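Observations on the three-dimensional arrangement
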Amino acid sequence: MRGAARSPGATLSDEVVITVAAVGAEVTRRQQPNLPLLPDEVGEEYRRAHDAGAAIGHIHGRRPDGSPTQDLETLRAYADAIRARSPILQQFSTGGAVGMSVEERIEGLALRPDMATLTLGTCNFGEDVFENSLPTIRTILDRIREHGIVPELEIFDDGMLATADALIAKGHLRPPLHFDFVLGVPGSAAATAENLLHFARSIPPDCTWTVAGIGRHQTRMAALALAMGGHVRVGFEDNIYYRKGELADSNARFVERVVRIAREVGREPAGVAGARRILRLPAESTGARLAGAT
Ligand code: KMH
Ligand code: ZN
């Protein structure tokens, strides 16, 4: 796939799919007092972000004391609280937090969220190492497949694009696929225009991509993606400041800013229905159907 001539962004769209990563695994209440932790807080935060224009909620679990967990009951409580308040698409993290067991990272997939992340390699993550060996990737992918969930391929570094190619070549992943380029994690690929262009050019032509710029890079990466035809992720998981020295008062504030920039460059938030179409998701959430049946 790589090196082939293709337009940046592969599948371009006038609509922008906005993902909100409202919780994350690392940020603390001490750093960001508005971080939602309890199910009702999380449900409200995703509702506000949805009402502001977000179509997808990227979801990590937390215990009431703020410690990260991907345990099934925590994610069930979050999923129910979110679903009760808005139709935002639910994307579960399978990255969890550094050091979590693979089994913990994937147990929530039994709830059949609309999407689940799949990081395609090991990378440095600040002072830590985010472990995603090929056996780990295959275990997570098998569970994603078993539950019929649509993956979002997380790319933190260049080598992960090569792994995507290898998995596609072996038939383990089948395009069209959706990618998320996470740029600016200390120790992984820097948040530069060159890297974003290179990543966007390196995926198969019928695929879609989102960018998640970390920290102060969030808004600039979003603006680049909006100009290039890509999609955007914002939220406390990636950035806690609205601008230098000013903490954001909610995740929705970030979404509102992306919507404003999008409209200035002639793009509209896709909303949930648009995101389903653009990312080729099923018309209805399996998880919601299961919840409705119980
Ligand atoms: N918390 C990071 C170590 C994902 O959600 O899939 C991994 C992460 C990736 O956040
Ligand atoms: Zn995450």
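Here the structure is a predicted model, which is why all the values come from computation and not from measurement. (Residues numbered from 1 in each chain as written. Chains lettered and ligands numbered in written order. Predicted model: local features only at pLDDT ≥ 70, side-chain atom pairs only at ≥ 80, totals over all residues. Heavy atoms only, no water.)

Ligation of the zinc ion (ligand 2) by protein atoms is provided by His58 (NE2), His60 (NE2) and Glu237 (OE), these donors lying 2.0 to 2.1 Å from the ion. In the primary structure, the donors to the zinc ion (ligand 2) are separated according to the pattern H-x1-H-x176-E. (Donors = N, O, S within 2.8 Å, 3.2 Å for Na, K, Ca; no water.)

Here we come to the packing of helix α6 (residues 193-201) against helix α7 (residues 218-228). Taken N-terminus to C-terminus, the directions of α6 and α7 make an angle of 40°; their axes are 11 Å apart at the nearest point. Looking at the two axes, α6 sits oblique to α7. Crossing hand, α6 versus α7: right-handed. From α6, Ala193, Leu196, Leu197 and Ala200 reach across to α7, where they touch Met221, Leu224, Ala225 and Met228. Its residues placed into classes, the contact of α6 with α7 shows 8 nonpolar, no polar and no charged. (Axes fitted to C-alpha atoms, helices over the stretch in contact; angles between N-to-C directions. Helix = DSSP H or I, 4+ residues; strand = E, 2+ residues; numbered from the N terminus. Parallel < 35°, antiparallel > 145°, perpendicular 65-115°, else oblique. Left-handed = near helix turned anticlockwise from the far one by under 90°. Contact = heavy atoms within 4.5 Å. Nonpolar A, V, L, I, M, F, W, Y, C, P; charged D, E, K, R; others polar.)

Inspection of the entire model under this criterion finds 8 aromatic pairs. Between phenylalanine 179 and phenylalanine 181, the ring centres sit 6.3 Å apart and the planes meet at 35°, which makes this aromatic pair tilted. Phenylalanine 181 shares its class with phenylalanine 179; the two are buried. Arranged with centres 6.3 Å apart and planes meeting at 15°, the rings of tyrosine 242 and phenylalanine 254 form a pair that is stacked. Of this pair, tyrosine 242 sits in strand β14 (residues 241-243) while phenylalanine 254 sits in helix α8 (residues 251-264), placing them 12 residues apart in sequence. No difference in accessibility class separates tyrosine 242 from phenylalanine 254, as the two residues are buried. Counting every residue linked through ring pairs, the aromatic cluster contains Phe179, Phe181, Phe199 and Trp209. (Phe/Tyr/Trp six-rings, centres within 6.5 Å; stacked < 30°, edge-to-face > 60°. Buried < 20%, exposed > 50% of the residue type's maximum accessible area, 1.4 Å probe, protein only.)

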